[in-house]
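Analysis of the macromolecular model
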Amino acid sequence: MLGIWVGKLIELVLRLAGRRATSLPGKWALRVSPELLAKLGRQLERCIVVTGTNGKTTTTSLLASMMRQEGPIVTNAEGANMRQGLAAALIKHTDWRGRLRAKTAVLEIDEATLPLVASCFPIRVAAVTNVFRDQLDRYGELDSTMQKIMEGLAATEAVLILNGDDPLARRIGLGHPGRVLYFGLDERHLNAQPREQMRDGAFCLECGARLQYEGFFYGQLGVYRCPRGDFFRPHPDFRATIEGATLHLQEPGQPDVGFRLPVRGLFNIYNALCAIAAARVCGLGRGPIQQGLDAFRPPLGRMQVFCTDPESILNLIKNPTGCDSVLQAICHESEPKVVLIAINDLAADGRDVSWLWDADFELLAEAGRVLGVVTTGLRGEDMALRLKYAGYPVERMQVKPDLDEAVETSLSLARQLGDAPVYVLCTYTALYPMAERLQRRVNRYSHETAYRTSVS
Amino acid sequence: MKLRIAHLYPDLLNLYADKGNIRVLTQRCRWRGVDVEVIPVLSGERPRFEEYHLVLLGGGSDREQELVAQTLVKHRSDWRHAAAAGLPVLAVCGGYQLLGHYYQLPNGRKVEGLELLDLVTHAGHPRLTGNIAIDAGETLGTIVGFENHGGRTEHAHEPLGKVLKGHGNNGRDGLEGVRWQNVIGTYIHGPLLPKNPRLADHILRLAMDYAGMPIALQPLEDEWEQAAHDAFLERRLELPRT
Ligand SMILES: [Zn+2]
């Protein structure tokens, strides 16, 4: 009890001081009462865990948003995913008598923390988003991260939900004693020749042979097979086909259903698919899953979708590396599109816009089916010039220095071009004004629930 | 016949969008049907001046700058012969400083330069940073861009232009850059060439003459270049368009 009081007291103080209490209360509570996690964990009826290398936070928030539709839950927001963060999240949902106010927990847990805490919680479902490593091991030896995930999971009776397109996650599935289900993309989304080819390739974790790929979805994700053995990409239990902002889910023995996603980009699509699969395993139907997706608030400017007419997807760009990954994500979307780019050069943006010439805008000219481009902002003309030299046809470009005019022009151009989505790229000081303008143009009748974003 | 542009030390000097300047030069050749090739010269290599028609020398951080200086001075006499024979050189920022006798660091130590020009640079405080426009005379018109340098440069040659707004060579004498033979040095980047197509074509013309290419440079549609140039002058420098 003392531990919980200490934790709650610190939480209260922090809250009164206007500060966020994501792990400090947990740190002190655990110091006073080291058994706190197990004590509180015992009060839960079920715990759903999300772990993996990338996308844990997005996947956890998506899943939490869905599970919340069915009743109160405990969750650790903002990626506080080690012991202290978990304790803080539980304390927050505990009353002063030490009773948890929810029976379900959706927890993001760090890979290395998982084996330390797995026995504290009734983990019924565990989802692994993916396992990315800098260097894939040629000799079939598992590195310590994978070892830890497998150890942690083996100690539970959880149903495992894994990314079957990821050969490393597949290896975890093969080593797991319990039930394993896989999610994956439909083969129609395979690319034969990815532009960012993996330098080292991926190797079979059973025998060390170089895996053969029928095609790639993204990075090491794809349809793979070991030429020597029977290590291969499993048939997905949850198979997704993407059409614009809609994810069509195929599940054996179930009618196909479509879900409108609040996020774009392949990485986010995998996160959403992982969350949907976990929600399905927890018994959620189409309704609460869609409501959960609708209630999700994506971070500002990270492939953030606005239901304008047609829809627009907002992205922040601020340096060549970040800009390149946004350009790649946009060009990965196979549909025809319009691109709106706002470049400012105020202090927060960086007054020197030289970096526009170091970023790979050639991508927009060469790939990505970009039907038209509108540029705006204090340096909109510089941006247009950059695209001209990237080889983008000038007759398909327009410069509109005024932000409102630029938004109008690109949306009406997109409507003329058969309701193509508008991908919006903004430097920092243009981001908020742009988000505000897009929000104002959100079509209230296109969607039953008002579409909310994180702009306030 | 091919126009051969040497890009010096891309492995050491990758600041300030050399890429942009190269992109502009090569595209403006291709749009006119002029065959062009960019030859990257890495820091371990000896430049083969007899094979180049234009040399680009960019800028880098102080540390990179010293490494480049050490690499450059090894071939000082090659550089002198080539420049005296009329080889066009475009040197920006750090590259500009290295054309002279030395760059004096804040601690008093002098980093030796190429000694192509009668030019010296002393580190100063604060950095001279911001948007800049210069009047570069009838042929080149107004040149615009961004400057960001700690060094104050003085030289005994013709400047590239007179400062209309900004700091220029040293923030004192109202001059910016240098011109000597076919060598052009400047602090202006942003990058330098996209918004200054007249300067870009001037440099290409020098290179093609030097190469002995018999073709005249056809004018291009420069509406977008001009629009960016004018918008920058009006909106960012509050100067009338030129
Ligand atoms: Zn194998």
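Residues numbered from 1 in each chain as written. Chains lettered and ligands numbered in written order. Predicted model: local features only at pLDDT ≥ 70, side-chain atom pairs only at ≥ 80, totals over all residues. Heavy atoms only, no water.

**What to know about the overall build of chain B**
Counting its regular elements, chain B contains seven helices and 12 strands. Its C-alpha atoms give chain B a radius of gyration of 17 Å, within 12% of the compact-globule value 18 Å for 242 residues. Principal axes of the C-alpha set define a box for chain B whose edges measure 50 × 45 × 30 Å. Expressed as a percentage of its 242 residues, the buried residues of chain B come to 58%. A separation of at least 24 residues holds for 68% of the contacts in chain B among residues at least 6 apart in sequence. (Helix = DSSP H or I, 4+ residues; strand = E, 2+ residues; numbered from the N terminus. Rg over C-alpha atoms; globule rule 2.2 N^0.38 Å. Buried < 20%, exposed > 50% of the residue type's maximum accessible area, 1.4 Å probe, protein only. Contact = heavy atoms within 4.5 Å.)

**Comments concerning the sheet that holds strand β12 (residues 304-306) of chain A**
All names here are of chain A. The strand order β12-β13-β17-β14-β15-β16 describes an open sheet built from six strands, whose pairing is mixed. Two strands lie at the open edges of the sheet, namely β12 and β16 (397-399), each paired on one side alone. Across the sheet, the mean angle from the axis of one strand to that of its neighbour is 20°, orientation sign disregarded. Relative to β16, strand β15 (residues 370-376) runs parallel, the two sharing three bridges. The partner of threonine 375 across the bridge, within β16, is valine 399. Sheet strands touched by helix α14 (residues 403-416): β14 (337-342), β15, β16 and β17 (422-426). Its angle to β14, the strand with the most contacts, is close to 170°. Its contacts with the sheet put helix α15 (residues 428-440) on β12, β13 (312-316), β14, β15 and β17, and the angle it makes with β13 is roughly 165°. (Pairing = 2+ DSSP bridges. Axes fitted to C-alpha atoms, helices over the stretch in contact; angles between N-to-C directions.)

**What about the confidence of the model for chain B?**
Mean pLDDT over chain B works out to 92, with 96% of the residues at or above the 70 mark. Reported confidence for the predicted complex is 0.96 by ipTM and 0.76 by pTM. (pLDDT = per-residue confidence, 0-100.)

**As for the side chain of lysine 388 of chain A**
The topology assignment puts lysine 388 of chain A in helix α13 (residues 380-390). A polar atom in the side chain of lysine 388 of chain A sits 2.9 Å from the side chain of glutamate 225 of chain B. With residues near it in sequence (within four places) discarded, lysine 388 of chain A still touches Val394 and Met397 of chain A together with Trp31, Glu221, Trp224 and Glu225 of chain B. (Polar contact = N/O pair within 3.5 Å; in protein donor to acceptor, adjacent residues only side chain to side chain.)

**Here's the deal with the nonpolar core**
Among soluble globular proteins, nonpolar side chains are generally buried collectively. If you look at the biggest cluster of nonpolar residues, it comprises 66 residues, and the most contacted ones within it are Ile341, Phe361, Leu364 and Leu387 of chain A together with Leu3, Ile143 and Leu193 of chain B. Leu185, Leu261, Leu266 and Leu273 of chain A belong to the second-largest nonpolar core, a separate cluster that totals 44 residues. (Core = buried A, V, L, I, M, F, W, Y, C linked by side-chain atoms within 4.5 Å.)

**Some remarks on the layout of surface pockets**
Residues and elements named next belong to chain A. Estimates place the volume of the largest pocket at around 1,000 Å³. Lining of the largest pocket is provided by 42 residues; of these, Thr58, Asn268, Pro298, Pro299 and Arg302 occupy positions nearest its centre. Those elements that provide at least two residues to the lining of the largest pocket are α4 (56-67), α9 (266-281), β13 and α11 (320-332). In terms of residue count, α4 provides more of the lining of the largest pocket than any other element does, six residues in total. (1 Å grid on protein atoms, 1.4 Å probe; cavity = no way out; pocket = protein on both sides within 12 Å on 5 of 7 lines; lining within 4 Å. Points joined across faces, edges and corners; volume = space filled by probe spheres on them.)

**Points about a nonpolar patch on the surface**
Residue and element names in this part refer to chain A. The grouping of Met1, Leu2, Trp5, Leu9, Leu12, Leu16, Val32 and Trp96 at the surface amounts to a nonpolar patch, some 820 Å² of accessible area in total. Considering each element in turn, the nonpolar patch owes the most residues, five residues, to helix α1 (residues 2-16). Relative accessible area serves as the criterion here: at 42%, tryptophan 5 is assigned to the partly exposed category. (Patch = residues over 30% accessible without salt bridge, like charges linked within 9 Å, V, L, I, M, F, W, Y side chains within 5 Å. Areas by Shrake-Rupley, 256 points an atom, 1.4 Å probe, with all protein chains shown as cover. Salt bridge = Lys/Arg side-chain N within 4 Å of Asp/Glu carboxyl O.)

**Things to note about empty space enclosed by the protein**
All names here are of chain A. If you walk through the whole model with that rule in mind, you get five cavities of 30 Å³ or more. A volume near 50 Å³ is recorded for the largest cavity. Lining the largest cavity are Thr59, Thr129, Asn130, Asn163, Leu221, Phe267, Tyr270, Asn271 and Cys274.

**Comments concerning the packing of aromatic side chains**
Two numbers describe a pair of aromatic rings. These are the distance of the centres and the angle of the planes. Residues and elements named next belong to chain A. According to the stated counting rule, one finds nine aromatic pairs over all chains in the structure shown. A ring pair is formed by tyrosine 428 and tyrosine 432, whose centres lie 6.3 Å apart and whose planes are at 75°; its orientation type is edge-to-face. Of this pair, tyrosine 428 and tyrosine 432 both sit in helix α15, four residues apart, roughly one helical turn. Classification of tyrosine 428 by relative accessible area gives partly exposed; the value is 41%. (Phe/Tyr/Trp six-rings, centres within 6.5 Å; stacked < 30°, edge-to-face > 60°.)

**Details of the pattern of salt bridges**
All chains considered together, the criterion is met by 41 salt bridges over all chains. With a closest N to O distance of 2.8 Å, arginine 386 of chain A and glutamate 362 of chain A form a salt bridge. Of this pair, arginine 386 of chain A sits in helix α13 while glutamate 362 of chain A sits in helix α12 (residues 362-366), and the two are 24 residues apart along the sequence. Overall, arginine 386 of chain A belongs to the buried group, its relative accessible area being 2%. Where aspartate 78 of chain B meets arginine 46 of chain B, a salt bridge forms, and the shortest distance between an N and an O atom there is 2.8 Å. A residue pair is termed long-range when its members are at least 10 positions apart, and aspartate 78 of chain B in helix α3 (residues 76-84) and arginine 46 of chain B in the loop between β2 (36-41) and β3 (54-57) qualify at 32 residues. Taken together, the shared-partner salt bridges connect Asp165, Asp186, Glu187, Arg188, Arg233 and Arg239 of chain A into one network.

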